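# A structural walkthrough
Residues per chain are reported as follows:
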Amino acid sequence: MGRLIVIDNPLAKYYLTLLRKPGTTPGLFREYMRKLGFIMGYEVSRLLEWGRVFVDSDHGRAEGFYPYKPVYIIGVLGASIPFTHGLWDAIPWAGLGLVAARRVISENRVDTEIYYERIPSSLTAYTVIVVDPTLATGRTMARVVEEVRARGGGRIIAATVLASRYGVEYFHSRFSEIPLLAIEVDPVLDKNYFITPGIGDAGDRSLSADMAFEPRLGLGFNEPREDRVE
Ligand SMILES: O=P(O)(O)OC[C@H]1O[C@H](OP(=O)(O)OP(=O)(O)O)[C@H](O)[C@@H]1O
Ligand SMILES: O=c1cc[nH]c(=O)[nH]1
């Protein structure tokens, strides 16, 4: 069985708790996803390769670290935009590749269709982090890993917010050597291939318009008003 790393951190679990609530508006959903991306970047950094370096401060020499091997992040569009952004904030020296994928669900079958790719033709020099906020059946993550492999990507790390137990098993049955990091793993994949209890449709919730944006200010933008600005 492959290596599953479930992030043991109350701050991460708190933001996931907020993502689960159906009342979390798209603006806040994106904000919490981005924070989770940063936390995930912090955890992924333990698996990156670091070199040691001497650094001279004004008062003497100390030992420090520097990123030894270049990194590429591959974000899976569209749901992963805020999560990927947060992870990139944590590891800003990484390159960013994008793959757009959608699930095609037919009777008793789910496939992943890739409809856009912007990844370097060779990834041999890089540690590659594949980032997608949900891993339900695991088909999308596996399909994107195949694309990375086809470009010579050797050292790969998979990062998600929420996985299903089934998805983890499927992913590791295909790629037992790839570490998979998740904030949490839920027990059930329902008959529509959704993670249960889950966070709903992460794509819709991450990308939708938000007429209640900045609810903390109580502005209530979605209340109709007469005095429109022309
Ligand atoms: O593990 P899987 O069963 O493959 O499901 C996970 C995929 O589902 C979601 O994408 P979706 O197909 O909803 O597309 P979207 O991001 O464009 O909404 C999510 O972002 C993953 O890519
Ligand atoms: O539970 C799920 C499954 C696929 N995609 C999602 O966004 N959520």
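Look a little higher up for the structure.
Since the model is a prediction, treat every value here as computed from it, not as a measurement.

### Remarks on the pairing of strand 5 (residues 95–106)
Relative to strand 5, strand 4 (residues 71–77) runs parallel, the two being bridged by six bridges. Bridge pairing in strand 5 links Tyr72 to Gly95. The sheet contact formed by strand 5 and strand 6 (residues 109–118) spans nine bridges and is antiparallel. Residue Val99 lies in a different strand from strand 6, and its bridge partner there is Glu117. Hairpin connection between strand 5 and strand 6: a loop of two residues separates the two successive antiparallel strands, and Asn108 in this loop has a positive phi of roughly 60°.

### A look at the site of ligand 2
The local shell around ligand 2 consists of Arg103, Thr134, Ala136, Tyr193, Phe194, Ile195, Gly200, Asp201 and Ala202. A distance of 3.5 Å separates a nitrogen atom of ligand 2 from a polar side-chain atom of Thr134. Contact distances for ligand 2 include 2.8 Å between an oxygen atom and a backbone N or O atom of Ile195. For ligand 2, the protein covers 90% of the area, taking 240 Å² as the surface of the free molecule. In this structure, ligand 2 is accommodated by the largest pocket. In terms of residue class, the shell around ligand 2 is built from five nonpolar, two polar and two charged.

### Observations regarding unusual backbone geometry
Gly78 follows Leu77 through a cis peptide bond whose omega is -5°. Cis rather than trans, the peptide bond between Thr196 and Pro197 has omega equal to 5°. A positive phi angle is found at Asn108, which is not glycine, with a value near 60°. Within the element layout of this structure, Asn108 appears in the loop between strand 5 and strand 6. Relative accessible area serves as the criterion here: at 72%, Asn108 is assigned to the exposed category. Backbone geometry at Tyr193 places phi at a positive 65°, although glycine is not the residue there. With respect to the helices and strands, Tyr193 occurs in the loop between strand 11 (188–189) and strand 12 (195–196).

What counts and what doesn't
- Residues numbered from 1 in each chain as written.
- Chains lettered and ligands numbered in written order.
- Predicted model: local features only at pLDDT ≥ 70, side-chain atom pairs only at ≥ 80, totals over all residues.
- Heavy atoms only, no water.
- Pairing = 2+ DSSP bridges.
- Helix = DSSP H or I, 4+ residues; strand = E, 2+ residues; numbered from the N terminus.
- Near = heavy atom within 4 Å.
- Polar contact = N/O pair within 3.5 Å; in protein donor to acceptor, adjacent residues only side chain to side chain.
- Areas by Shrake-Rupley, 256 points an atom, 1.4 Å probe, with all protein chains shown as cover.
- 1 Å grid on protein atoms, 1.4 Å probe; cavity = no way out; pocket = protein on both sides within 12 Å on 5 of 7 lines; lining within 4 Å.
- Sits in = over half its atoms within 2 Å of the grid points.
- Nonpolar A, V, L, I, M, F, W, Y, C, P; charged D, E, K, R; others polar.
- Buried < 20%, exposed > 50% of the residue type's maximum accessible area, 1.4 Å probe, protein only.

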